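# Remarks on the overall topology
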Amino acid sequence: MIEDTATRPVLGPPPVRHWPALDISGTDFDPVLAELMREGPVSRIQLPHGEGWAWLVTRYEDVRMVTNDPRFTRAPVVDGKVTRLAPHFKPKKGSLAFADQPDHNRLRAAVAPAFTLRGVERLRSHAQDTLDGMVDALFDAGPPADLVARVLEPFPIAVVCDVMGVPAADRERMHAWTRQIVSSSGGAEASARAKDGMYGWFTETIRSRYGSTDEDVISLLGAAVGRGDITEEEAIGLVGPLQIGGEAVTANTGQMLYLLLTRPALLERLRTEPAARPRALDELLRYIPHRSSVGLARIAQEDVELHGVRISAGDAVYVSYLAANRDPDVFPDPERIDLDRAPNPHVAFGHGPHYCMGAMLARMQTELLVDTLLDRLPATLGLAVPPQEVPWRRSTLIRGPEGLPVTW
């Protein structure tokens, strides 16, 4: 909430805390973020790249306020030099992630039909068939097996490419491009090559679909450009992040299954009580650390006072959804995984105008993966290596296991 400054004095700014890009194994909470949460609701941080410092907001109600308040906007970040986690920051103009109103609604409307409940449910049956085929192949090969390589990675790739309209022949290279883009390793040249390749492919494909009546994202964008609803530049800026977002399902479900495989009581309950799974998935989404550090900044358009601290016009502001999901005022005993937690108003998919457009799609994939693996894999399923030997992604913006070796 915004403080009443008539009764509370404005405090001096807190010190700037350097927040390194930590490579954290397992689902441990970032220790730097935990310290910042303890120190107060509004902090100042400096991330590994970019320039200067930024405000960090961590409490649940404050996160919801900042993400839904037009005084904090993303558009200026595109041309700014804000401190950031990503080493290679060159967003395309027209990206939905950086659009403010009214452009945000105009751009979102161009692809919204693919992400409605109807649009997502239209894919469920085909997605289930695809997943069943992958699990059949897993059984045929026998244990041990890497669940990430065999199921958790190829399944979301197949689904998001279906949604986007990426032909089967181009999916392998599309995946290679997206993995390089979300990685903070490899250097600026590797990232630039991946972006050039991906956006070049999208440019040619969107141009080939002017006038299309198909319902995949690329066809919707081609038709919108053809009608003059959006520009080609906007279509290109919009499509990339939607494709890249598919990587998050692999990381999130990998973390969920790691948690279940290292907590046998939770795994057994979900195996034997299918009715408990929807609520359990919300709790796992609340609990798992989806990303490294923070996401995209916003810029204050006027002075705002929050908890006695003045955020000045032009200042960069980050919110932490991870911290908001551990706010004890909203989630009692937040460090405990409570599969019966209710209500559970987590913000794992964001909040406000920039709430994740693909949330329903991600939820559908997660439900299918958890249900299918729990129902079809034997009760003897377990890790094939000690938990500390499970490999985790390094130098990446999205946290998750690199592999998940299992046996049964």
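Structure first, text after, so check above.
Quick look at the structure, then. Throughout, a residue's number is its position along its own chain's written sequence, starting from 1. A pLDDT threshold of at least 70 governs which residues receive local features in this predicted model, and a stricter bar of 80 or more applies before side-chain atom pairs are shown or counted, although totals over entire chains, interfaces and linings include all residues. The basis for every side-chain value is the complete set of non-hydrogen atoms in the structure, without hydrogens or water.

### A short note on the nonpolar core
In a soluble, globular protein the nonpolar side chains are often hidden away together inside. Note on terminology: a nonpolar core comprises buried Ala, Val, Leu, Ile, Met, Phe, Trp, Tyr and Cys residues joined through side-chain atoms within 4.5 Å. Summary of the burial criterion: residues with accessible area below 20% of their type's maximum are buried, those above 50% are exposed, and those between are partly exposed, where the area comes from a 1.4 Å probe applied to protein chains only. Judged by nonpolar contacts, the single largest core of 91 residues is most densely connected at Phe 115, Leu 147, Val 217, Leu 221 and Leu 404. At 9 residues, helix 15 (residues 359-376) tops the list of elements feeding residues into this core. By size, the runner-up hydrophobic cluster in this structure holds 20 residues, among which are Val 32, Ile 45, Leu 56 and Ala 323. The numbering of helices and of strands both runs from the N terminus, where a helix is a DSSP run of H or I of at least 4 residues and a strand a run of E of at least 2.

### Brief notes about the sheet that holds strand 10 (residues 382-383)
DSSP calls a pair of strands paired once it identifies at least 2 bridges connecting them. Ordered by their spatial adjacency, 3 strands build an open sheet running 5-11-10, and the pairing between neighbours is antiparallel. Single-partner strands in this sheet number two, and they are strand 5 (145-146) and strand 10. Pairing of strand 10 with strand 11 (residues 405-407) involves 2 bridges; the strand directions are antiparallel. Bridge pairing links Gly 382 to Thr 407 in strand 11.

### A few points about the pattern of salt bridges
The salt bridge definition used is simple: a Lys or Arg side-chain nitrogen within 4 Å of an Asp or Glu carboxyl oxygen. Within this structure, the stated rule accounts for 31 salt bridges. Close ionic contact of Arg 171 with Asp 162 constitutes a salt bridge, the shortest N to O distance being 2.7 Å. In this structure, Glu 283 and Arg 286 form a salt bridge, with 2.9 Å as the shortest nitrogen-oxygen distance. Here the residue Glu 283 and the residue Arg 286 both occupy positions in helix 13 (residues 277-287), the gap between them amounting to 3 residues, near one helical turn. Residue class for Glu 283 comes out buried when judged on its relative accessible area of 0%. Look at the salt bridges and you will find they share partners, linking Glu 121, Arg 124, Asp 282, Arg 363 and Glu 367 into a network.

### Here's the deal with unusual backbone geometry
Going from Gln 101 to Pro 102, the amide bond is cis rather than trans, its omega being 5°. Along the polypeptide, Pro 102 turns up in the loop between strand 4 (72-73) and helix 3 (103-111). With omega at -5°, the peptide bond leading from Pro 143 into Pro 144 counts as cis. By the element assignment, Pro 144 lies in the loop between helix 4 (117-141) and strand 5.

### Side note on the state of the cysteines
We call a pair of cysteine sulfur atoms a disulfide whenever their separation is within 2.5 Å. Counting across every chain of the model gives 0 disulfides. Cys 356 provides the cysteine sulfur closest to Cys 161, a residue in no disulfide bond, and the two sulfurs are 16 Å apart. On the accessibility criterion, Cys 356 (33% relative accessible area) is partly exposed.

### Points about the environment of Asp 340
Structurally, the position occupied by Asp 340 is in the loop between helix 14 (321-324) and helix 15. In sequence terms Asp 340 and His 351 are 11 residues apart; their C-alpha atoms lie 23 Å from each other. Working rule for contacts: check all heavy atoms of both residues, and any pair within 4.5 Å makes them a contact. If sequence neighbours within four positions are ignored, Asp 340 has contacts with Arg 269 and Arg 279. Reaching out from Asp 340, the side chain makes a polar contact with the side chain of Arg 269 at a distance of 2.8 Å. Any N or O atom pair separated by 3.5 Å or less is treated as a polar contact, with the protein-specific requirement of one donor-capable and one acceptor-capable atom, and with residues adjacent in sequence counted only for side-chain atom pairs.

### Observations regarding the packing of aromatic side chains
The rule is short: rings of Phe, Tyr and Trp, with Trp giving its six-membered ring, pair when the centres are within 6.5 Å, and they are stacked under 30 degrees, edge-to-face over 60, tilted in between. If you walk through the whole model with that rule in mind, you get 6 aromatic pairs. Look at Tyr 60 and Phe 331: their rings are 5.8 Å apart centre to centre, the planes differ by 80°, and that puts the pair in the edge-to-face class. Placement of Tyr 60 in helix 2 (residues 60-67) and of Phe 331 in the loop between helix 14 and helix 15 is noted, with a sequence separation of 271 residues between them. Both residues of the pair, Tyr 60 and Phe 331, count as buried. When the ring of Phe 139 is compared with that of Trp 408, the centres are 6.1 Å apart and the planes differ by 85°; the resulting orientation is edge-to-face. You can see Phe 139 sitting in helix 4 and its partner Trp 408 sitting in the segment after strand 11, a full 269 residues away along the chain. Taking relative accessible area as the criterion, Trp 408 reaches 22% and is therefore assigned partly exposed. Between the NZ or CZ atom of Arg 44 and the centre of the ring of Trp 53, over which it lies, the distance is 4.5 Å. For a ring to carry a charge above it, either NZ of a lysine or CZ of an arginine must fall within 6 Å of the ring centroid while also lying within 35 degrees of the normal to the ring plane.

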